[in-house]
Number of protein chains: 4
Amino acid sequence: MSMNTFGHLFRVTTWGESHGPALGATVDGCPPGIQIDEAQLQHWLDKRKPGQNKFTTQRREPDAVKILSGVFEGQTTGTPVQLMIENTDQRSKDYGDIVEKFRPGHADITYWQKYGIRDYRGGGRSSARETAARVAAGGLARAALAALAPEVRITGYMTQVGPHGIDRANFDWDQIEQNPFWTPDSAAAAHWADYLDGLRKEGNSVGAVIEVVARGVPAGLGAPIYGKLDTDLAAAMMSINAVKAVEIGDGMAAAALTGVENADEISMGPDGPEYASNHAGGILGGISTGQDIVVRFAVKPTSSILTTRKTITKSGEAAEIITKGRHDPCVGIRAVPVAEAMMACVILDHILLHRGQIGGAVGETRGTIG
Amino acid sequence: MSMNTFGHLFRVTTWGESHGPALGATVDGCPPGIQIDEAQLQHWLDKRKPGQNKFTTQRREPDAVKILSGVFEGQTTGTPVQLMIENTDQRSKDYGDIVEKFRPGHADITYWQKYGIRDYRGGGRSSARETAARVAAGGLARAALAALAPEVRITGYMTQVGPHGIDRANFDWDQIEQNPFWTPDSAAAAHWADYLDGLRKEGNSVGAVIEVVARGVPAGLGAPIYGKLDTDLAAAMMSINAVKAVEIGDGMAAAALTGVENADEISMGPDGPEYASNHAGGILGGISTGQDIVVRFAVKPTSSILTTRKTITKSGEAAEIITKGRHDPCVGIRAVPVAEAMMACVILDHILLHRGQIGGAVGETRGTIG
Amino acid sequence: MSMNTFGHLFRVTTWGESHGPALGATVDGCPPGIQIDEAQLQHWLDKRKPGQNKFTTQRREPDAVKILSGVFEGQTTGTPVQLMIENTDQRSKDYGDIVEKFRPGHADITYWQKYGIRDYRGGGRSSARETAARVAAGGLARAALAALAPEVRITGYMTQVGPHGIDRANFDWDQIEQNPFWTPDSAAAAHWADYLDGLRKEGNSVGAVIEVVARGVPAGLGAPIYGKLDTDLAAAMMSINAVKAVEIGDGMAAAALTGVENADEISMGPDGPEYASNHAGGILGGISTGQDIVVRFAVKPTSSILTTRKTITKSGEAAEIITKGRHDPCVGIRAVPVAEAMMACVILDHILLHRGQIGGAVGETRGTIG
Amino acid sequence: MSMNTFGHLFRVTTWGESHGPALGATVDGCPPGIQIDEAQLQHWLDKRKPGQNKFTTQRREPDAVKILSGVFEGQTTGTPVQLMIENTDQRSKDYGDIVEKFRPGHADITYWQKYGIRDYRGGGRSSARETAARVAAGGLARAALAALAPEVRITGYMTQVGPHGIDRANFDWDQIEQNPFWTPDSAAAAHWADYLDGLRKEGNSVGAVIEVVARGVPAGLGAPIYGKLDTDLAAAMMSINAVKAVEIGDGMAAAALTGVENADEISMGPDGPEYASNHAGGILGGISTGQDIVVRFAVKPTSSILTTRKTITKSGEAAEIITKGRHDPCVGIRAVPVAEAMMACVILDHILLHRGQIGGAVGETRGTIG
């Protein structure tokens, strides 16, 4: 019931604020015997790290992760793994403006109303910095997947920035690591670079769409009715800062399809069932089919902008606010590695749940076809 | 950790299969002293009940709900409330076709793979009939809301059938109860009726979009970071059969907005903060703002169609299948009361969580403005 | 977080009051493919059923259990199993005395204070009748254990009635089913019969001690630090009505031992480690050793007695009360099958947890010795 | 479902091993606005700290606790509180003996069997050092209780060392802080000192009994049937290292009582119901009565002793072992502040649960008497 925890058997509790001494993730339920070290986790944190190009915030944190428990001689022991990232770039500065005024689109006002106290420095708990802890935990999940289900490959990428979507005809997996947007469409990347440059200059920001695909996921994962694989993925993605929508497979577009169009017809392949299409996004009835798991989500534009917006103060007086500081013109970019981390955690969790209820090796199911 | 349970403090566990003796909901954590009787619950079940017009399945079930526990002399006692609906229309018929063949788009194949056994009669546990139990539990949640937070009003309605959306200019709350689609746009209702008639005649089906709005929800509800109000709503809606996407506020459209457009500017009103717009859907940082909570989701087309589709048998042989029987051309219609029920449960749950952590009366927050 | 639920992966939620329409157990997380029918469950309920001899209440209920969901063609399907027992012996009678007065030693006063409403008929939710639902769920757990871990044998028996304990020298497993006290010491059984006869005639009651042993439990079960096998067993037993203490292995007597005495020395046997003694009760560090799991608990005397006791009324006036009706002179007797059921549920649950985190077949561990 | 977590709304997850870099507690669900600083927590850790007298291990750790998150300007913010204690006294030494041999009575063998890997240094996760994290979390719980329910006073003390119990006639609350055993009987303290001296000289150890009392707890706390106050207390105490039994009120002795003796008769006092006795230990039907909550538990003798015991090696060979090092002759002594911490956490948790389900101010119930 922890409100800062996700997962059923692989349980990740994140803690920490943007400008406190440290933040991190307490990971309980990791299987024992998984090879892991700080360098492996650091790889994923470096991918997420801001300040690497002009499209992400210029805040520079080393984001060095430390493993404080649960690992002995390079392997997990089955006990809780504590992952800590110290906050080093805590600039001593005047927070005066956001101490008293609420930034529109931010959690400032709701945290204040609910708790009557808030760590306003850098957004406190509601800062996107919290996602560093998710990425660390996701790195551990990836290590466990590499050991238990090595066929699983998880890849996130951007498919839309503002109103500009990719051209699926240009889709090239190899492009994803080649541009600052992690997009498979190099033409879109070039276009978005210009577009974001313009927005930044005018002190504005924009939203984005990210897609995450998990390939090699075995059939049978998922726990209907309320612990469905898609339910858990929807919750995982919606919990990321600034996310306003989650789609599985065809998503919102499924509403416009007919039943004839939407049916992913089935045939028998050499290794089991094959599907003529994947409108379902790899999940039927909350359980994986063995196809690619396809999740997509929308991130709203960064709320911290250099354009004046109307707001009020804590004492209820009308005010105007400009959010100065180091902010991303499109926070969606940094959501890509975060979404991959969430996907890794959810799939690992369902692998553990599956073998708890069903038994057998990973990928083994009770029902056979053919 | 029950996989058939949702909610944190107001916990709903549904149970039962389409063609077993009964189905129902075990509700734990309902506050004591709530006035409730079977007639109140029946009201909501009747709204969901199929067979009421030609656009929903002709299966006729009385769907009579019985309260087996937790209520004494017309009031809840604080102990678990068991709500049972007996299945009476269990036609004895030949299920031969779906026993051996998997229906594309259905959970048949994944349940079989996972469990090695499935109650194929009417879809078993993955049948939309399970949602009757949700509606019963939602009726109890509504009764609790009526006592604890009487300003909360929850209304669901359809905004799209297939490719045909409503015209927001026609939006009329009073129309919602006046047409079989629970849509606020009477022109759309007329158009959809013709459209669905055509689809049914050709043995086809179509998807839909449903929107649910909760008005009068106090500010301060929600439990960041992973028990956010929007996270829980996303999970609740995604758990409904055939749902493929969930949006909060502007949803996917938020990706195309700029930060300047998306900022819901704040001013001070007589009763507290007011917002110039509601792109956020009433939730910031996972916590309610006091504005309308707006959730939208897409339902895929009914997979049971009278058009031949290619599939395989349990023994892996190629086959064709037509799903005869009593099916909805657009299951989205019946999702409206289900979504309302889920919204009621989630909001009640967060009211209980809020007063657990924060204390005070319902609607009271620790931080004041002005 | 359901307060009426126990278990992690094998989740049992009981519901229902003594004199409502029905009571039962919603069991979520049962593995699929377990052979079960109502007759198997009835076997255990009949063992618990009151009215079978003069030492248990003369209330006569058939306690017929119905399976409403989760079982198809004689096997569990992996979906929730609903077990319902209808209350048939709801005598229409005058409850006047206990409506207004609180029975000392009963939950009457605390339920009233907490909830402001209580179903006073027969104790309502706090009645020992609730344990029928546990026994039904335990029957399902036993069936699952029979399939997954057939070496596990669970046996409960009485070791003390009032101040009169058994003589361990007389311990005979075969005697347990031969007397109304399920005690392994036939001499004690004869003595207790006389003793309880005397108590009943004077309108009094007495406490008891029950011991439950699980033999054949594999090493490695348990989830430190807070989901330890002994922690879960302590909670399971303490949750039974009228239980005031729980012991594992030597229990309270361990306090008087020295470290030299208490060390269960280890040697290597043909099938793995062997222990020279079992002071630990089969659990070290919260994890099973492969020895017998030994749990013991004390049940306080029945609070419903025919002797006048001083109390107060709801309006706070001094009063006297005698609890008429059909009551057990020693409720401990009926706790034996209940404790067996709890033990079965806890062990099954930990088998599922173990294979979730560790993988492998039941009884398989990651570390080998020798 | 975290196995290293306890509590429902006030959730404490402990992490860390005896000789790793650090250990600590992640506390989620603490109410906002609680005044807390490191010095307050340190007070309780210092009470638990070993090496303060000759009856506890001579390991000397500063056990300095750091607050890494969840506190801003001296107050909790409602977000997770991370409490970290660095391990400074990690002597570089030869662990050779316990690397290969299993210490009887220790978790060495079961951790090895379950996980196939174990941090053998100082017992790793199963070390009593883990309880420092509980004490830190308990300090936070006490601060919250001081704010929410200032009448609650929690006191633990020893009542038995080996076979030597206190004389209740000597009971003096003021003595508890005056001797190294936290016992209310100064005569017993003197006697125990001699007794333990002798045991230590012969390389032996002994068990103990600890009692914890919570005074000023309001009536109405507890969540029947499986989240009862006594169930949660039993689990909390049983989860402490080396605990083998838990009693509520009269505990095991309740078995020997008659119903007439056991009934705590009720009368009406100026502030509500009063009871003539407290056999029940302040809990009826799982709900607090307003009387003192009385919990007692037995701790087995320290398993690490200087006397040779028979055991086996990882390769299954017969061996002998003496556990050298800095160990407590009676670990029960250090269990006193740990048990107080657990009591504080459980009571706070149930206060939050109560106001979640019932509403109202702390101590307020729905039912009134008089």
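Small disclaimer: the values here were computed from a predicted structure and weren't measured. (Residues numbered from 1 in each chain as written. Chains lettered and ligands numbered in written order. Predicted model: local features only at pLDDT ≥ 70, side-chain atom pairs only at ≥ 80, totals over all residues. Heavy atoms only, no water.)

**Brief notes about the overall build of chain A**
Move 1: Each helix and strand counted, chain A has eight helices and 18 strands in total.
Move 2: Taking 21 Å as the expected radius of gyration for a compact globule of 370 residues, we find that chain A reaches 21 Å, a close match to that expectation.
Move 3: The C-alpha extent of chain A, read off along each of the three principal axes, is 70 × 50 × 35 Å.
Move 4: Counting across all 370 residues of chain A, residues that qualify as buried make up 69%.
Move 5: Contacts in chain A between residues at least 24 apart in sequence constitute 70% of all its contacts with a sequence separation of at least 6.
Move 6: Accessible surface for chain A amounts to roughly 11,000 Å². Of this, 48% is attributable to carbon and sulfur atoms.
Move 7: Side-chain charges in chain A split into 36 positive and 42 negative, and the spacing between the mean points of these groups amounts to 8 Å. (Helix = DSSP H or I, 4+ residues; strand = E, 2+ residues; numbered from the N terminus. Rg over C-alpha atoms; globule rule 2.2 N^0.38 Å. Buried < 20%, exposed > 50% of the residue type's maximum accessible area, 1.4 Å probe, protein only. Contact = heavy atoms within 4.5 Å. Areas by Shrake-Rupley, 256 points an atom, 1.4 Å probe, with all protein chains shown as cover. Lys, Arg positive; Asp, Glu negative; His and termini not counted. Charge placed at Lys NZ, Arg CZ, Asp CG, Glu CD.)

**A look at the UniProt feature "binding site: NADP(+)" (unreviewed entry) in chain A**
Residues and elements named next belong to chain A.
Move 1: In the numbering adopted here, UniProt assigns the feature "binding site: NADP(+)" (unreviewed entry) to Arg48 and Lys54.
Move 2: Of note, Arg48 is situated in helix 1 (residues 38-48).
Move 3: With a relative accessible area of 1%, Arg48 lands in the buried category.
Move 4: Among residues more than four places away in sequence, those in contact with Arg48 are Asp63, Ala128, Arg129, Thr131, Ala132, Val135, Arg334, Pro337 and Val338.
Move 5: Relative to the helices and strands, Lys54 is located in the loop between helix 1 and strand 4 (65-69). (UniProt positions renumbered as here; feature names shortened; annotations may be inferred.)

**Things to note about the UniProt feature "binding site: FMN" (unreviewed entry) in chain A**
Move 1: On the UniProt side, "binding site: FMN" (unreviewed entry) is annotated at positions that read Arg125(A), Ser126(A), Ser127(A), Asn241(A), Ala242(A), Gly285(A), Lys300(A), Pro301(A), Thr302(A), Ser303(A), Ser304(A) and Arg326(A) here.
Move 2: In this structure, Ala242(A) sits in the loop between helix 6 (229-238) and strand 11 (243-248).
Move 3: Structurally, Lys300(A) can be placed in the loop between strand 16 (293-299) and strand 17 (309-312).
Move 4: Residue contacts for Lys300(A): discarding those within four places in its chain leaves Gly105(A), Val206(A), Gly207(A), Ala242(A), Lys244(A), Val331(A), Ala254(B), Asn262(B) and Leu284(B).
Move 5: Within the local environment of Lys300(A), its side chain forms a polar contact with the backbone oxygen of Gly105(A), the two atoms lying 2.9 Å apart. (Polar contact = N/O pair within 3.5 Å; in protein donor to acceptor, adjacent residues only side chain to side chain.)

**Here we look at the relation of the copies chain B and chain C**
Move 1: Here chain B sits on chain C after a turn of 180 degrees about the axis and a move of 0.0 Å along it, with an RMSD of 0.0 Å. On the angle and the small slide along the axis, the relation comes out as a two-fold axis.
Move 2: Taken as a fraction of all interface residues of chain B, those also at the interface in chain C reach 100%, which identifies the copy contact as same-surface. (Least-squares fit on C-alpha atoms with pLDDT ≥ 70 in both.)

**Concerning the packing of aromatic side chains**
Residue and element names in this part refer to chain A.
Move 1: All told, the structure shown has 28 aromatic pairs over all chains when counted by the stated rule.
Move 2: Geometrically, the ring pair formed by Tyr157 and Phe171 is edge-to-face, given 5.2 Å between the ring centres and 85 degrees between the ring planes. Placement of Tyr157 in strand 8 (residues 153-161) and of Phe171 in the loop between strand 9 (164-165) and helix 5 (186-201) is noted, with a sequence separation of 14 residues between them.
Move 3: An angle of 90 degrees between the planes, with centres 5.7 Å apart, marks the rings of Phe181 and Trp192 as edge-to-face. In this pair, Phe181 is assigned in the loop between strand 9 and helix 5 and Trp192 in helix 5, connecting sequence segments eleven residues apart. An identical accessibility class is assigned to Phe181 and Trp192; each is buried.
Move 4: In this structure, Arg215 is placed above the aromatic ring of Trp173, and the distance from its NZ or CZ to the ring centre is 3.7 Å. (Phe/Tyr/Trp six-rings, centres within 6.5 Å; stacked < 30°, edge-to-face > 60°. Lys NZ or Arg CZ within 6 Å of the ring centre and 35° of its normal.)

**Side note on the pairing of strand 13 (residues 272-275) of chain A**
All names here are of chain A.
Move 1: Inspection of the sheet shows strand 12 (residues 266-269) paired to strand 13 by four bridges, in the antiparallel sense. Residue pairing across strands places Met268 opposite Pro273, the latter belonging to strand 13.
Move 2: The loop that links strand 12 with its antiparallel partner strand 13 comprises two residues. (Pairing = 2+ DSSP bridges.)

**Overview of the sheet that holds strand 16 (residues 293-299) of chain C**
Consider a sheet: its strands pair through backbone hydrogen bonds, and that pairing is either parallel or antiparallel.
Move 1: Read across the sheet, ten strands follow the order 9(C)-8(C)-10(C)-16(C)-11(C)-11(D)-16(D)-10(D)-8(D)-9(D) without closing on themselves; strand pairing throughout is antiparallel. Strands at the two margins of the open sheet, each flanked by one partner only, are strand 9 (164-165) of chain C together with strand 9 (164-165) of chain D.

**Thoughts on the environment of Thr26(C)**
Move 1: For Thr26(C), the location among the structural elements is in strand 3 (residues 22-28).
Move 2: On the basis of relative accessibility, which here comes to 1%, the residue Thr26(C) falls in the buried class.
Move 3: Sequence separation of Thr26(C) and Val12(C) is 14 residues, and the distance between their C-alpha atoms is 5.8 Å.
Move 4: Other than its neighbours up to four places away in sequence, Thr26(C) contacts Thr13(B), Trp15(B), Thr26(B), Gln82(B), Arg11(C), Val12(C), Thr13(C), Trp15(C), Val81(C) and Gln82(C).
Move 5: For Thr26(C), the side chain forms a polar contact with the side chain of Thr26(B), separated by 2.8 Å.

**Quick word on the sheet that holds strand 1 (residues 5-6) of chain D**
Residue and element names in this part refer to chain D.
Move 1: What the five strands build is an open sheet, ordered 1-2-3-7-4; its pairing is antiparallel. The open sheet has two free edges, formed respectively by strand 1 and strand 4 (65-69), since each of these has just one partner strand.
Move 2: Pairing between strand 1 and strand 2 (residues 11-16): two bridges, direction antiparallel. Residue pairing across strands places Thr5 opposite Thr13, the latter belonging to strand 2.

**Focus: the interface of chain D and chain C**
Move 1: Taken together, the 109 residues of chain D in the interface contact 109 residues of chain C.
Move 2: In terms of surface lost to chain C, no three residues of chain D exceed Lys114(D), Tyr226(D) and Lys244(D), which account for 10% of the buried area on that side.
Move 3: The tally of links between chain D and chain C comes to two salt bridges.
Move 4: Measuring nitrogen to oxygen at the nearest pair gives 3.6 Å for the salt bridge that ties Glu265(C) to Arg309(D).
Move 5: The interface formed by chain D and chain C includes 63 residue pairs in polar contact (both at pLDDT 80 or more).
Move 6: A total of seven residues in the side of chain D that touches chain C trace back to one element, the largest contributor, which is helix 3 (residues 108-115) of chain D. (Buried area = accessible area lost by both parts, 1.4 Å probe. Salt bridge = Lys/Arg side-chain N within 4 Å of Asp/Glu carboxyl O.)

**Digging into the pairing of strand 17 of chain A**
Move 1: In this sheet, strand 18 (residues 318-321) of chain A lies alongside strand 17 of chain A in antiparallel orientation, the contact comprising four bridges. Looking at strand 18 of chain A, one finds that Arg309(A) is bridged to Ile321(A).

**Examining the nonpolar core**
Move 1: Phe297(A), Phe297(B), Phe297(C) and Phe297(D) are the most contacted members of the largest nonpolar core, which has 377 residues in total.
Move 2: In this view, Phe297(B) contacts Ala208(B), Val209(B), Ile210(B), Val212(B), Met237(B), Ile240(B), Val243(B), Ala245(B), Val246(B), Ala335(B) and Ala339(B); residues no more than four positions away in its chain are not counted. (Core = buried A, V, L, I, M, F, W, Y, C linked by side-chain atoms within 4.5 Å.)

**Remarks on helix 8 (residues 332-357) of chain A**
Residue and element names in this part refer to chain A.
Move 1: Its 26 residues give helix 8 an end-to-end C-alpha distance of 37 Å, which sits within 8% of 38 Å, the value for a rise of 1.5 Å per residue.
Move 2: The element helix 8 is extensively covered by neighbouring structure, given that 26 of its 26 residues are classed as buried.
Move 3: The first or second residue beyond helix 8 is Gly359, which carries a positive phi of 80 degrees. (Expected span 1.5 Å × (residues − 1).)

**Let's talk about the pattern of salt bridges**
Residues and elements named next belong to chain A.
Move 1: Counted by the stated rule, this structure contains 64 salt bridges over all chains.
Move 2: Of the charged contacts, one joins Asp197 and Arg200 as a salt bridge, the two residues approaching to 2.8 Å between their closest N and O atoms. Within this pair, Asp197 and its partner Arg200 are both found in helix 5, separated by three residues, close to a single helical turn.
Move 3: The exposure class of Arg200 is partly exposed, given its relative accessible area of 29%.
Move 4: Overlapping salt bridges, with partners in common, bring together Lys47, Arg142, Glu177 and Glu340 in one network.

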